[in-house]
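In case you want the letters, here they are:
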Amino acid sequence: MKNLKNLNVLIFVLICIISLILPNVEVTKAEDIIIYTKPVKAVSFNHKAHSEDYGISCNICHDKIFQMEALNVEKSNDFNHRSFSKGKYCGACHDGKKGFAMDKQCTKCHIGVKGLNTKAKK
Amino acid sequence: MMQKKFDFDKLEIELPDSISKIERRKFLKMGFAITGLLLGGKILSLTSVVDKGYAFQKEKYPYKPHYSMLIYQNRCIDCELCMEACSKTNQVPSYGYRTTILQRKMPQAIDQQIEFIPVLCNQCNRPPCVTGCPTRATYKDKRNGIVMMINKKCIGCKTCMTACPYNARYYNEEKHAVDKCDFCYGSRLSKGLTTTACAEVCPAGVRIFGDLSDPNSEIFRMVHQLERTIWVLRPESGAAPNVFYTRG
């Protein structure tokens with residue numbers, strides 16, 4: 001009987017610990033794909049690909065270039081190509097050296113209204 | 001070893017056999033390397049489109065002004081601000097459009113795999129819609145080459161919609177007539193403005209609107225460049241369109 005009680009306590013404690021950890025795990029994980037609709041519709045940023053596939057470490061982007069909050073950067077009124085060409089935001093890498101340049105291949109980033117609509121349907 | 005000197009004057013330029021001698025000469029005279037493109041995206045022909053863009057051989061551009069549009073296809077990002085501006089400016093209902101954006105997907109392509117293609121009425125010099133209209137509700141304006149509508153003459157038979165190679169017409173329930181792009185003549189040009197709503201609003205500089213009969217206009221200078229490849233949609237329709245496409 002005593003052993004069983006101990007087990008119950010142990011399980012209770014474990015559940016407490018897990019439920020404490022779980023939300024934290026979720027908070028530090030970004031959405032795989034972030035879609036910007038300002039200033040124009042619509043640009044797709046693959047967070048997962050950037051942080052995992054391209055092997056860029058978190059601290060290169062956070063918090064020097066971007067905040068850890070999706071769509072926060074849309075609030076800045078200089079989130080545009082003029083800033084990018086000065087090396088801000090996406091332009092910090094997409095200068096034709098670290099990442100592909102931004103003066104061509106527009107639709108690699110720009111999925112447009114059509115891309116936005118198909119994403120919304122899914 | 002002595003190298004034989006190359007005679008550039010006698011150099012033969014290879015062109016597809018399907019192009020006649022006369023066409024070939026004309027083509028070389030114009031100096032354009034031009035590819036035709038079907039709406040679906042198939043490359044059709046190697047012909048000068050500027051050559052095909054006007055109806056009369058003597059007079060280069062039959063209208064004064066000769067309104068036309070050049071579209072930088074690779075710059076379009078499908079933000080659709082042009083469609084919004086057009087609908088607002090010309091009271092286009094949600095079920096129709098005067099201009100729209102087509103999308104071409106090329107999953108086999110390296111890098112970018114989608115291309116957005118803005119389309120609108122091509123204000124053709126030989127407009128099949130005008131030829132098809134039984135009541136002359138649609139006609140080619142002699143002043144500026146724009147294909148216009150007289151709503152009250154339209155009986156809604158939709159022959160013009162079927163005839164249009166560019167799918168640029170829709171039936172407007174409120175107007176009880178077919179509606180189409182008039183290069184914003186009614187809403188803007190006739191009021192002294194110099195460009196269309198779509199060209200003005202485009203944040204990527206995709207649409208260049210202007211007078212092709214004016215050698216000082218931007219569109220004239222862009223279209224008549226040796227280095228630049230210019231094409232039209234569906235050249236095989238023979239409609240002699242006035243909307244040109246390029247990349248750059």
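Nothing here was measured: the structure is a model prediction, and the numbers come from that model. (Residues numbered from 1 in each chain as written. Chains lettered and ligands numbered in written order. Predicted model: local features only at pLDDT ≥ 70, side-chain atom pairs only at ≥ 80, totals over all residues. Heavy atoms only, no water.)

> Just checking my understanding: could you explain the overall build of chain A for this structure?
Within chain A one finds six helices and two strands. Its helices and strands in sequence order give chain A the pattern α-β-β-α-α-α-α-α, from N to C terminus. Relative to its 122 residues, chain A shows a buried fraction of 25%. Considering only intrachain contacts with a sequence separation of at least 6, the fraction spanning at least 24 residues in chain A is 41%. (Helix = DSSP H or I, 4+ residues; strand = E, 2+ residues; numbered from the N terminus. Buried < 20%, exposed > 50% of the residue type's maximum accessible area, 1.4 Å probe, protein only. Contact = heavy atoms within 4.5 Å.)

> Help me understand the sheet that holds strand S11 (residues 243–246) of chain B in this model?
Hydrogen bonds between backbone groups are what pair the strands of a sheet, and the pairing can be parallel or antiparallel. Residue and element names in this part refer to chain B. Ordered by their spatial adjacency, three strands build an open sheet running S10-S3-S11, and the pairing between neighbours is mixed. The open sheet has two free edges, formed respectively by strand S10 (207–211) and S11, since each of these has just one partner strand. In this sheet, adjacent strand axes meet at a mean angle of 20° when their direction is disregarded. Where strand S3 (residues 67–72) lies against S11, four bridges are found, and the strand directions are parallel. (Pairing = 2+ DSSP bridges. Axes fitted to C-alpha atoms, helices over the stretch in contact; angles between N-to-C directions.)

> In this structure, what is going on with the confidence of the model for chain B? I would like to understand it.
Where the model shows low pLDDT, its predicted coordinates should not be examined in detail. Residues and elements named next belong to chain B. Per-residue pLDDT for chain B has a mean of 81; in total, 76% of the residues score no lower than 70. The low-confidence segment residues 1–48 (pLDDT under 50) makes 76 contacts with residues lying over four places distant or belonging to another chain. A low-confidence stretch, residues 52–59 (pLDDT under 50), is modelled with 18 contacts involving residues beyond four sequence positions or located in other chains. For this predicted complex, the interface score ipTM comes out at 0.76, alongside a pTM of 0.83. (pLDDT = per-residue confidence, 0-100.)

> Can you walk me through the nonpolar core in this structure?
Generally speaking, a soluble globular protein has its nonpolar side chains buried in company with each other. Residues and elements named next belong to chain B. Ranked by size, the top nonpolar core spans 32 residues in total, and within it Met69, Phe183 and Tyr245 carry the most contacts. For this core, the secondary structure elements donating two or more residues are S3, helix H3 (81–90), strand S5 (114–120), helix H6 (197–201) and S11. The residues contacting Phe183, other than those within four sequence positions of it, are Tyr67, Ser68, Met69, Leu120, Gln123, Ile146, Leu189, Thr196, Phe209 and Val243. With twelve residues, the next largest nonpolar core counts Leu70, Tyr72, Ile208 and Phe244 among its residues. (Core = buried A, V, L, I, M, F, W, Y, C linked by side-chain atoms within 4.5 Å.)

> Can you walk me through unusual backbone geometry in this structure?
Residues apart from glycine generally show negative phi values, whereas peptide bonds are mostly found in trans. The linkage connecting Lys41 of chain A with the following residue, Ala42 of chain A, adopts the cis geometry, with an omega of -15°. Residue position: Ala42 of chain A is located in the loop between strand S1 (33–36) and strand S2 (43–46). The phi torsion at Tyr89 of chain A lies on the positive side, around 50°, for a residue other than glycine. Although it is not a glycine, Asn167 of chain B adopts a positive phi angle of roughly 55°. Tracing the backbone shows Asn167 of chain B in the loop between helix H5 (159–163) and strand S8 (169–172). Under the relative-accessibility criterion, Asn167 of chain B is labelled partly exposed at 49%.

> Explanation requested: H3 of chain B in the structure shown.
For the α-helix, the turn length of 3.6 residues means that residues three or four positions removed from each other point alike. Residues and elements named next belong to chain B. Along H3, the residues that are buried comprise Cys82, Met83, Ala85, Cys86 and Asn90. Angular distribution of buried residues about the axis of H3 spans 165°; they occupy a single face of the element. Along its buried surface, H3 packs onto strand S4 (99–105), H6 and S10. After H3 finishes, the residue Gln91 shows a positive phi value of roughly 50°. (Arc of directions from axis to C-beta.)

> Please clarify how helix H6 (residues 112–121) of chain A should be interpreted in this entry.
Those residues of H6 of chain A lying buried are Gly112, Val113 and Gly115 of chain A. Axial view of H6 of chain A: buried residues confined to an arc of 160°, hence all on one face. Exposed side of H6 of chain A, more than 90 degrees from the buried face: Ala120 and Lys121 of chain A are the residues found there. Buried residues belonging to H6 of chain A abut S5 of chain B.

> Which parts of the structure should I look at to understand the packing of aromatic side chains?
One pair of aromatic rings is described through two measures. These are the centre distance and the angle between the planes. Here the structure, examined in full by the defined rule, presents nine aromatic pairs over all chains. Look at Phe84 of chain A and Tyr89 of chain A: their rings are 6.4 Å apart centre to centre, the planes differ by 90°, and that puts the pair in the edge-to-face class. Using a relative accessible area of 9% as the deciding quantity, one classes Phe84 of chain A as buried. A ring pair is formed by Phe183 of chain B and Phe209 of chain B, whose centres lie 5.0 Å apart and whose planes are at 75°; its orientation type is edge-to-face. Pair noted here: Phe183 of chain B is in the loop between strand S9 (177–180) and H6 and Phe209 of chain B is in strand S10, with a separation of 26 residues, a long-range link. Residues Phe183 of chain B and Phe209 of chain B agree in their burial class; the two are buried. An aromatic cluster is built from Tyr36, Phe45, Phe66, Phe79, Phe84 and Tyr89 of chain A, whose rings are joined through pairwise contacts. Directly above the ring of Phe100 of chain A sits Lys108 of chain A, whose terminal nitrogen or CZ lies 4.2 Å from the centroid. (Phe/Tyr/Trp six-rings, centres within 6.5 Å; stacked < 30°, edge-to-face > 60°. Lys NZ or Arg CZ within 6 Å of the ring centre and 35° of its normal.)

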